Amino acid sequence: MIAFSISSTNFSTPFLSQKLSSATNSKKAMNSVAAAAAKGPRCAVEGNVPKFPRINVWDPYKRLGISSSASEEEIWGSRNFLLQQYAGHERSEETIEAAFEKLLMASFQLRKKTKINLKSRLKKKVEESPPWIKNLLNFVVLPPTDVIFRRLFLFAFMGGWSIMNSAEGGPAFQVAVSLAACVYFLNEKTKSLGRAFTIGLASLVTGWVCGSIVVPMVPTALLQPTWTLELLTSLVAYVFLFLGCTFLK
């Protein structure tokens, strides 16, 4: 009995090894077939994608099919159209994108050069201007954009506040607050409270005088019934206070 069991074990071991080896080979064969099946359709799809015919054209304008005087909108439109038409062909897409980027960079450099030339011409005009204009420009300064917008928002708020309270009373309080803000901003630049107060008061007086002259010329049909002459004049004064504390030094 024991001998029979031992002989049976020796007999079954090679058989089991052969069976496992056959299963492994079958699995590898199935994986190879599946890989070939997956690769075959993809290659077929890539082969059916149209190829961009102007890949070797050096001129980016001719490569995109536009004239050398084309606008930036036309460049964008040609790029989007060609990318959609030749989507899926990697080299075609890279060629189209390269031409587009080259034209975009050239356009940026041209705008930058034009801006620099404009500043140079403006500076030259100032240097060639009469002495009284030079002296006048010495009182003008151009602050950063964020400073301009912050002060514009403040005085616009004062104008809106005056309009909303027009039915209750005059804008005397809002005008006083605006004058104080103008003097404060000027004092930050000039470091002289007396000079800041003088410029601020001069801006208020100039704005009030101009408003008193301009406002009566406005047709009454364009104005609200509750808007008084004092209110409209104060709105003009806010504009002059904004200009004074922002651009004068």
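Predicted model only: the values in this text are computed from it and were never measured. (Residues numbered from 1 in each chain as written. Predicted model: local features only at pLDDT ≥ 70, side-chain atom pairs only at ≥ 80, totals over all residues. Heavy atoms only, no water.)

Asks: Tell me about the overall build of the protein, and name the residues and values.
Replies: Across its full length, the protein carries nine helices and zero strands. Counting every position in the protein, which comprises 249 residues, the buried fraction comes to 24%. Surface exposure of the protein reaches about 17,600 Å², of which carbon and sulfur atoms provide 67%. (Helix = DSSP H or I, 4+ residues; strand = E, 2+ residues; numbered from the N terminus. Buried < 20%, exposed > 50% of the residue type's maximum accessible area, 1.4 Å probe, protein only. Areas by Shrake-Rupley, 256 points an atom, 1.4 Å probe, with all protein chains shown as cover.)

Asks: How would you explain the nonpolar core if you had to name every residue and give the values?
Replies: In terms of nonpolar packing, the biggest core is built from 18 residues, with F155, C182, L186, L204, L241 and C245 touching the most fellow members. In terms of residue count, the dominant contributor to this core is helix α7 (residues 172-190) (seven residues). Beyond its immediate sequence surroundings of up to four residues, F155 is in contact with S178, C182, Y238, L241, F242 and C245. Membership of the second largest hydrophobic core comes to 13 residues, among which are F52, I66, I96 and F100. (Core = buried A, V, L, I, M, F, W, Y, C linked by side-chain atoms within 4.5 Å. Contact = heavy atoms within 4.5 Å.)

Asks: Please set out the pattern of salt bridges residue by residue, giving values where relevant.
Replies: In this structure the tally under the stated criterion is two salt bridges. A salt bridge links R79 to E97; the shortest N-O distance between them is 2.8 Å. Of this pair, R79 sits in helix α3 (residues 72-85) while E97 is found in helix α4 (residues 90-128), placing the two residues 18 residues apart along the sequence. For R79, a relative accessible area of 17% translates into the label buried. Here R150 ties to D146 by a salt bridge, and the two come within 3.5 Å at their closest N and O atoms. Taken together, the residues R150 and D146, both in helix α6 (residues 145-164) and four residues apart, mark about one turn of the helix. (Salt bridge = Lys/Arg side-chain N within 4 Å of Asp/Glu carboxyl O.)

Asks: Hey, could you go over a nonpolar patch on the surface for me, with residue numbers and the actual values?
Replies: A cluster of nonpolar side chains, F197, L201, V205, V209, I213, V214, M217, V218 and L222, forms an exposed patch at the surface whose accessible area comes to about 840 Å². Its place among the elements puts V218 in the loop between α8 (193-214) and α9 (229-247). Judged by its relative accessible area of 30%, V218 falls in the partly exposed class. (Patch = residues over 30% accessible without salt bridge, like charges linked within 9 Å, V, L, I, M, F, W, Y side chains within 5 Å.)

Asks: Provide a residue-level description of the UniProt feature "transmembrane region" (unreviewed entry) in the protein, including the pertinent values.
Replies: On the UniProt side, "transmembrane region" (unreviewed entry) is annotated at positions that read residues 147-164, 170-187, 199-219 and 231-248 here. As annotated, residues 147-164 comprises 100% helix and 0% strand, and the C-alpha atoms at either end are separated by 26 Å. Structurally, residues 231-248 is divided into 94% helix and 0% strand, and its ends, taken at the C-alpha atoms, are 25 Å apart. (UniProt positions renumbered as here; feature names shortened; annotations may be inferred.)

Asks: I'd like a rundown of the side chain of S162, residues and numbers included.
Replies: Mapping S162 onto the fold places it in helix α6. We classify S162 as buried; its relative accessible area is 3%. At 2.9 Å, the side chain of S162 forms a polar contact with the backbone oxygen of M158. Among the polar contacts listed, one links the side chain of S162 to the side chain of Y238, at a separation of 2.7 Å. Among all residues touching S162, those that are not within four sequence positions of it are P171, Q174, L231 and Y238. (Polar contact = N/O pair within 3.5 Å; in protein donor to acceptor, adjacent residues only side chain to side chain.)

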